[in-house]
Amino acid sequence: MSFLAPLYALGVLSVVGPILFHLVRNRPRQQSPFSSLLFLQPSPPRVARRSRLDDWILLLLRCLVLTLLAIAFTRPFFRSADETMAAPPGRHVIVLLDTSGSMRREDLWDQAVGEFQRLVDQLGDADHVSLLTFDREVTQVGSTLQSQPDLLESGSTQSGLAPDPETLRADMLARVRQLKPTWHVSRLGQALGQAAERAKSVTPAGPPESKPESAGRPNGDIQSDPPPTAAQVVLISDLQRGVDLETFRPGTWPAGVSLDVRHVRPAVGPNGSFHFMPPDDKPANEPRRSVAVRVSHFDDPATSGSQPGTYRLSWQSDTDDNTSEAEASLESSSTIQPGPDDVTIQVPPGQSRIVRVPHPSDRQNELILSGDRQDFDNTRYFVLPPQRRLRLRTLGPSTTNGTTTNGTTANQRRDGQPTDASNVRPSEDARQNPLYYLTKVPLGDSRFAVEVAPVTDDDPLPDDPSTTPLVVVTSPVTPEEAESLRSYAEVGGKVLVVLTADQADDPDAAWSDTLTRLSPEAPLSVGPRRQTDALLADIDFTDPLFAPMAQPQYSDFTKIQFWSHQQLTPPDQPWRTIARFDDDDPAICVRNIGQGQLSVLAAGWHPDESQLALSSKFIPLLSGWFWGGAGRPVSMPTRRIGQPFSENVDRPPDQPGIYTVVDGNQPQNIALNMDPRESETTPIEIDELERLGITLGPIAEQSARVETMRQLRDRELESRQRLWQWLLVAALGVLALESAIASRSRRSPAPAT
Amino acid sequence: MNSTAQIDPAAVMQMKNLQLRAKIIVDGFFNGLHRSPLHGSSIEFSEYRAYSPGDDPRGLDWKLFARTDRYFIKKFEDETNRRCFLVVDQSRSMDFGSLDYTKLAYARTLAATLAYFLTLQRDHVGLMTFDETIADVIPPRNRAGQFRHILGCLDRPASGRGTHLAKPLRQIAALTPRRGLIICLSDVLTPIDDIADGLSLIRSRGHEVVVIRVLDPAETRWQLSETRLVVDMETGREMPIDPDRAAEQYLDAFGRHADELQSACDSRGVALFSCTTDQPLQDSLAHFVRTYGRRGASTSLNRRSVQRAGKSR
């Protein structure tokens, strides 16, 4: 006999009560007051022999009642001898193993491999395991589940035979030991999503006859592999804060599937890290001096204290052996010798600071952080970016001094006559040329050198818009030139037509022809030139050209006078009028042509026609025309591992280092570093996973599952047999018998002694 | 004495008025007598006193008037103002009663009866109640309201505690310097030694002592029939009692105690009278009078004998 609640058997001890009452029954119950006990001696009553015998029977009956009650509460049941318990059904365990860059810290990878080993050891024979590694992508390593033949990895040397799960597990363990963490960022959300899909899609294996390869096992075992009835996901990761959880959609976690999180932690405390900041827009004529670096202190509240981190940044030379570059840098980070240009900084826990580090010399490519015990991210590579050269092309009467924004000599004049820079001096005529003012606008900076170059026969259009973002037209163009301009705009170029007072015979018609050629499907009608003063009145500040000047302190255009302007009548579509004069004539009209844009300014900006070139609005307007709505492109001095690579480099870009671009005539180096998000090593809270609707729960060991199944089986047996009810009935019967015997003994008189 | 006029004590005890109870008993007692004790038919001559207006003219001695031509009242021994102290035990054991009334109620009624009787005889009657110590004391007087005062004290509820006769008896001896009659009403359920010295002390002061032992019928006749836990009313002590085995033992001990008490009283010249609460109170009164009168007769007999002896010389 077995018991569901054996502790209730202690209730049998309550039989002590009736025994004690029986022994102390000699004490009479009735009390009588008497005046004095002076003449009395104590005389306990004698008990008749027959009465004593009756009392023993009553005592035994009462003890029996209590015993039956106690046994009933223990919920007894019988297990049949031939009843054996089936093994718990198999589970499909999907393991997500983090192989991102942060797993390179200390012994985290060894811990992760150990966790996987422990997990495999606690699984039962019927359990299946599938292993997925994840960093920026999810990679399938292997599975013991035969229903997923795409994952099935044969570890057996027997050809054509499916290996047994033990062999598959051993094979999987061997593969895991050979794996190494990568340098990629961790996309945990994507991994969880795929694991959830797999957990939902676990399907039973097909009939054994349809799988001749399963003959590798004895025939008797073919029928004994039940399909897994439950899925569970195990996550082995350092759960650093830089993981991307946003890609996991809340509420998509399948019901009944739990996630067992095996969090691996480093023994040492906080992690100091740094990365390069985007370069600022310093003018091109200022020498390049320093690069901005953000230094961060990521702490783990469980292991670190509240002390700020003191770090030192030092430039080191690159090594010749590129294949071990990352490892050599890691080893050298702890033995860096201080240099004169080193920068020391203190960063409180959980915060970051930006410092400027002097630019490295030509042979220095590695910036190393010292003072941090987690050195997997203490080395970053840097390559001074070359200055890009851009051009602003002009179509119109060129200036006589021809200076460019960067001091280069202008090309030939449009009439083909070369200019001699030593004899050029600014003249009154030059200042009346709109193109003169283009050379005065500082469009370049340390990253970009912008040259104002007129279109000549030797250097005609079209240009590549990536190197020539803007073409300014200040005089009517020929049909060929119009065609070139249109082709240029089709591929993304921007054309600005400035309707100056041309010296041609019929300037209005000339401009009308020009604009018709440039926009034949929607020609802009050009009216006679109005020789009246005008101001810019109606400006669309939502347009990207004027958006930077939308704030009240910059939006006052009433101080810019226009002495004359061309009358324009644009059709409604596709033209847009983004500025008007106070006489309601359009001032600036814009339309898209292909991937580019055509803008028309109804008046010149030179002093003969307006005050625009001399105003403070001219530079931002011209910058807007040149760079477009997005502004200057921001180029980082380094790239992240995992970013798309358009260049062909000398080796696979899968670890930090300096890579040489093999394309192109000029050699170019690219610095590749780990994603800064992998350095955010502060672990996330487990609650964040629960907030996404993921059910957390540890995976039960096989022995615990067997025990749980045994308990469930015992409960079922007991609920079927219900012996406790019979015991209660028996107790009631004994109680009735005891009451009958007790009342009979009270009624019959006690014999005399 | 004519015993036909017996009043059922249960009926008397149902009367709430103590004075009425006492009057009924005394009147009933008088109805049974041939002669009024007030006239003192067997009472010896005591002395002459001058006649005052208002005195009973039947007491005038005409022979002395003839000789002296002045009026004198002849006083007999019963007209002597004696001091009587009624000492009532109010201990918790007196609260026992197997009838409808307790021993204490019976004793109080008996005390009221005796006080009434003695007051009618123009004796000075006082009262003293006690348990472990003296509770109330009313000095003996014969003034208007004295009897009511005594009744009022007897009616007072008693918070009796234990019985300790020796101390009150010593205190009585100290409080009564003049000789008189001490009538003690108690159940005397204490060891004899407790009261023997006290009685000796009182007798040594010349007092006459009468002990009226008031008992309950359950105390004199064993009445428990089944096993019980007997609880002492004074100490609270509990004792399991098997009635079969305890009856003989109790009666034997009780009889020995009674004999010892009688012997102690006889050796000290103390009159002892035992009564149970189911006996008529008139019997107690009659016994008292008989006992008191026999002693008075013996006393007056002794005096006459002395006078006769003096004249014959």
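In this text the structure is predicted, and so the values were computed from the model without any measurement. (Residues numbered from 1 in each chain as written. Chains lettered and ligands numbered in written order. Predicted model: local features only at pLDDT ≥ 70, side-chain atom pairs only at ≥ 80, totals over all residues. Heavy atoms only, no water.)

## Side note on the overall build of chain B
Applicable threshold: Secondary structure elements are defined from DSSP: runs of H or I of at least 4 residues count as helices, runs of E of at least 2 residues count as strands, and each element is numbered from the N terminus. Note on classification: 1.4 Å probe, protein chains only; a residue is buried when its accessible area is under 20% of the maximum for its type, exposed when over 50%, partly exposed between these limits. Methods summary: accessible areas were calculated by the Shrake-Rupley approach with a probe of 1.4 Å, and residue burial reflects only the protein chains presented.
Looking only at helices and strands, chain B has ten helices and ten strands in total. Taken across its 313 residues, chain B has 46% of its residues classed as buried. For chain B, the computed accessible surface area is about 15500 Å², with 49% contributed by carbon and sulfur atoms.

## Looking at the overall build of chain A
The test is simple: Note on contacts: a residue pair is in contact if any heavy atoms of the two residues lie within 4.5 Å.
Within chain A, the secondary structure is distributed over 15 helices and 29 strands. Relative to its full complement of 753 residues, chain A shows a buried share of 45%. Restricting to contacts in chain A with at least 6 residues of sequence separation, those with at least 24 account for 78%. With the model as given, the accessible surface of chain A reaches about 37400 Å², and the carbon-plus-sulfur share is 52%.

## So, the nonpolar core
The nonpolar side chains of soluble globular proteins are, as a tendency, buried together. Defined as follows: Only buried residues count toward a nonpolar core, which is a set of Ala, Val, Leu, Ile, Met, Phe, Trp, Tyr and Cys residues joined through side-chain atoms within 4.5 Å.
Judged by nonpolar contacts, the single largest core of 68 residues is most densely connected at Val497(A), Phe546(A), Ile588(A) and Trp605(A). Ranked by residue count, the leading element in this core is helix α12 (residues 618–627) of chain A, at six residues. Excluding anything up to four places from it in sequence, Trp605(A) contacts Pro434(A), Tyr437(A), Leu438(A), Val472(A), Leu496(A), Val498(A), Ser610(A), Leu612(A), Ala613(A) and Phe618(A). Grouped together as the second largest cluster of nonpolar side chains are 44 residues, Ile25(B), Phe29(B), Tyr101(B) and Leu104(B) included.

## Examining the pattern of salt bridges
Heads up, the condition is: A pairing counts as a salt bridge when a side-chain nitrogen of Lys or Arg comes within 4 Å of a carboxyl oxygen of Asp or Glu.
Under the defined criterion, the tally for this structure stands at 37 salt bridges over all chains. Where Asp459(A) meets Arg391(A), a salt bridge forms, and the shortest distance between an N and an O atom there is 2.5 Å. Of this pair, Asp459(A) sits in the loop between β17 (448–454) and β18 (470–473) while Arg391(A) sits in strand β16 (residues 388–395), and the two are 68 residues apart along the sequence. Overall, the relative accessible area of 17% leaves Asp459(A) in the buried class. A salt bridge links Asp136(B) to Arg156(B); the shortest N-O distance between them is 3.1 Å. Of the two residues, Asp136(B) is situated in strand β5 (residues 134–141) and Arg156(B) in the loop between α5 (146–155) and α6 (166–175); the sequence distance between them amounts to 20 residues. Of the residues examined, Arg156(B) reaches a relative accessible area of 40% and is grouped as partly exposed. Ionic contacts of the salt-bridge type, sharing partners, join the residues Arg79(A), Glu707(A), Arg710(A), Arg713(A) and Asp714(A) into one network.

## A look at the confidence of the model for chain B
Residues and elements named next belong to chain B. Applicable threshold: Confidence per residue, as judged by the predictor, is encoded in pLDDT with a range of 0 to 100.
This prediction gives chain B a mean pLDDT of 78; 81% of its residues lie at or above 70. Model confidence for chain B, summarised as mean pLDDT per element, is weakest for helix α10 (residues 281–312) at 53 and strongest for strand β7 (residues 208–215) at 91. Low pLDDT, under 50, characterises residues 1–5; the predicted model gives this stretch seven contacts beyond four residues in sequence or across chains. Overall, residues 294–313 carries pLDDT values under 50, and its contacts beyond four positions in sequence, including any with other chains, amount to twelve contacts. Listed scores for the predicted complex are pTM 0.49 and ipTM 0.72.

## Concerning the sheet that holds strand β24 (residues 576–581) of chain A
All names here are of chain A. Note the following rule: Strand pairing is assigned whenever DSSP detects at least two bridges linking the two strands.
Strand order in this open sheet of nine strands is β17-β16-β18-β19-β26-β25-β24-β21-β22, and the pairing throughout is mixed. Every other strand in the sheet has two partners, leaving β17 and β22 (561–562) as the edge strands with one partner each. Of the pairings in the sheet, the one linking strand β21 (residues 534–539) to β22 comprises two bridges and is antiparallel in character. The residue of β22 that forms the bridge with Ala534 is Phe562.

## Concerning the packing of aromatic side chains
Condition: By convention, a stacked pair of Phe, Tyr or Trp rings (six-membered ring in the case of Trp) has centres within 6.5 Å and planes under 30 degrees apart, an edge-to-face pair has planes over 60 apart, and any other such pair is tilted. Here, over-ring charges are defined by two tests on the NZ atom of lysine or the CZ atom of arginine: distance to the ring centre within 6 Å, and angle to the ring normal within 35 degrees.
Evaluation of the coordinates by the stated rule reveals 26 aromatic pairs over all chains. Both rings, one in Tyr48(B) and one in Phe72(B), keep their centres 6.5 Å apart while their planes meet at 70 degrees; by these two values the pair is edge-to-face. On the criterion of sequence distance, the pair formed by Tyr48(B) in strand β1 (residues 45–50) and Phe72(B) in strand β2 (residues 72–76) is long-range, its members being 24 residues apart. Residue classification places Phe72(B) among the buried positions, given a relative accessible area of 19%. Ring pairs connect the aromatic residues Phe34(A), Phe39(A), Phe96(B), Tyr250(B) and Phe254(B), which therefore count as one cluster. For the cation-ring pair, Lys617(A) lies above Phe557(A), with the distance from its terminal atom to the ring centre recorded as 5.4 Å.

## Comments concerning helix α15 (residues 723–747) of chain A
What sets the pattern is the α-helix's 3.6 residues per turn: residues three or four places apart point alike. The criterion, for reference: For a helix, the expected span equals 1.5 Å multiplied by the residue count minus one.
Over its 25 residues, α15(A) runs 37 Å from end to end, which matches the ideal 36 Å to within 8%, given 1.5 Å per residue. Every buried residue of α15(A) is accounted for by Leu723(A), Leu727(A), Ala731(A), Val734(A), Glu738(A), Ile741(A) and Ala742(A).

## A word on a nonpolar patch on the surface
Residue and element names in this part refer to chain A. For the record, the criterion: Candidates for patches are residues over 30% relative accessible area with no salt bridge; among them, like charges are joined within 9 Å and nonpolar side chains (Val, Leu, Ile, Met, Phe, Trp, Tyr) within 5 Å.
There is a patch of nonpolar side chains on the surface, built from Met1, Phe3 and Phe78 and spanning about 320 Å² of accessible area. With respect to the helices, strands and loops of the structure, Phe78 is situated in the loop between β3 (76–77) and β4 (91–98). Look at Phe78 and you get partly exposed, because its relative accessible area is 43%.

## Here's the deal with the pairing of β24(A)
All names here are of chain A. Pairing geometry for β21 and β24, over three bridges, is antiparallel. Considered in β24, the bridge of Leu536 is made with Phe581. In this sheet, strand β25 (residues 586–593) lies alongside β24 in antiparallel orientation, the contact comprising four bridges. For Arg580, the partnering residue across the bridge sits in β25 and is Pro586.

## Regarding the interface of chain B and chain A
Rule in force here: What counts as buried area is the accessible surface, traced by a 1.4 Å probe, that two parts surrender upon association, with contributions from both included.
Taken together, the 32 residues of chain B in the interface contact 19 residues of chain A. In total, about 2600 Å² of surface goes out of reach between chain B and chain A, with carbon and sulfur atoms giving 63% of it. Ranking the residues of chain B by area buried against chain A places Leu229(B), Met239(B) and Arg245(B) at the top, with a combined share of 22%. Linking chain B to chain A there are zero salt bridges.

## Side note on the packing of helix α4 (residues 103–120) of chain B against α5(B)
Axis angle and axis distance: for two packed helices, these are the angle between their axes and the distance between the axes, and together they describe the pair. All names here are of chain B. Quick note on the threshold: Axis definition: a line fitted to C-alpha atoms, limited for helices to the stretch in contact. Angles are taken between N-to-C directions and run from 0 to 180 degrees. With respect to orientation, any angle under 35 degrees is reported as roughly parallel, any angle over 145 as roughly antiparallel, any angle of 65 to 115 as roughly perpendicular, and every other angle as oblique. When residues are grouped by polarity, Ala, Val, Leu, Ile, Met, Phe, Trp, Tyr, Cys and Pro land in nonpolar, Asp, Glu, Lys and Arg in charged, and all others, Gly among them, in polar.
Remark: α4 packs on α5, axes separated minimally by 10 Å, with the N-to-C direction vectors making an angle of 175 degrees. Between α4 and α5, the crossing angle belongs to the class labelled roughly antiparallel. Judged by residue contacts, Arg108, Ala111, Ala112, Ala115, Tyr116 and Thr119 of α4 engage Phe147, Ile150, Leu151 and Leu154 from α5. Classifying every residue of the contact of α4 with α5 gives eight nonpolar, one polar and one charged.

## Some points on a negative patch on the surface
Residue and element names in this part refer to chain B. Here is the rule: His is not counted, nor are the chain ends, whereas Lys and Arg count as positive and Asp and Glu as negative. We put the charge of a Lys on NZ, of an Arg on CZ, of an Asp on CG and of a Glu on CD.
The grouping of Asp193, Asp197, Asp259 and Glu260 at the surface amounts to a negative patch. Among the secondary structure elements, those contributing two or more residues to the negative patch are α7 (192–204) and α9 (243–268). Of note, Glu260 is situated in helix α9. Residue class for Glu260 comes out partly exposed when judged on its relative accessible area of 44%.

## Comments concerning the confidence of the model for chain A
Averaged over every residue, the pLDDT of chain A is 79; the share at 70 or more is 77%. Note on residues 328–334 of chain A: pLDDT is under 50 here. Beyond four places in sequence and across chains, it has 14 contacts.

## So, the sheet that holds strand β9 (residues 238–241) of chain B
Within the open sheet, the three strands sit side by side as β2(A)-β8(B)-β9(B). Their pairing is mixed. Of all strands in the sheet, those with a lone pairing partner are β2 (31–34) of chain A together with β9 of chain B, marking the two edges. Averaged over neighbouring strand pairs, the angle between their axes works out to 35 degrees when direction is ignored. With four bridges connecting them, strand β8 (residues 228–232) of chain B and β9(B) associate as antiparallel partners. Bridging across to β9(B), Val230(B) finds its partner in Met239(B).

## Some thoughts on unusual backbone geometry
All names here are of chain A. Here the bond from Gln573 into Pro574 is cis, since omega is -5 degrees, no more than 30 degrees from zero. Mapped onto the fold, Pro574 is located in the loop between β23 (565–569) and β24. Within the chain, Leu239 stands out as a residue other than glycine whose phi angle is a positive 50 degrees. The residue Leu239 is located in the loop between β7 (230–237) and β8 (258–263) in this model. Non-glycine residue Asp584 carries a positive phi angle of around 75 degrees. Of note, Asp584 is situated in the loop between β24 and β25. Note on Asp584: relative accessible area 53%, which makes it exposed.

## Things to note about the pairing of strand β28 (residues 657–661) of chain A
All names here are of chain A. Of all the five residues making up β28, four are buried; the element is thus mostly covered by neighbouring parts of the structure. Summarising the sheet, β28 and strand β29 (residues 668–673) pair through five bridges and their orientation is antiparallel. When the bridges of β29 are listed, Tyr659 appears paired with Ile670.

## Quick word on the side chain of Glu115(A)
All names here are of chain A. Quick reminder of the rule: As used in this structure description, the phrase polar contact means that two N or O atoms lie within 3.5 Å; if the pair is within protein, one of them must be able to donate a hydrogen and the other to accept it, and residues adjacent in sequence are counted only when both atoms belong to side chains.
The residue Glu115 is located in helix α3 (residues 108–121) in this model. Among the residues examined, Glu115 registers a relative accessible area of 16% and is labelled buried. A polar atom in the side chain of Glu115 sits 2.9 Å from the side chain of Arg118.

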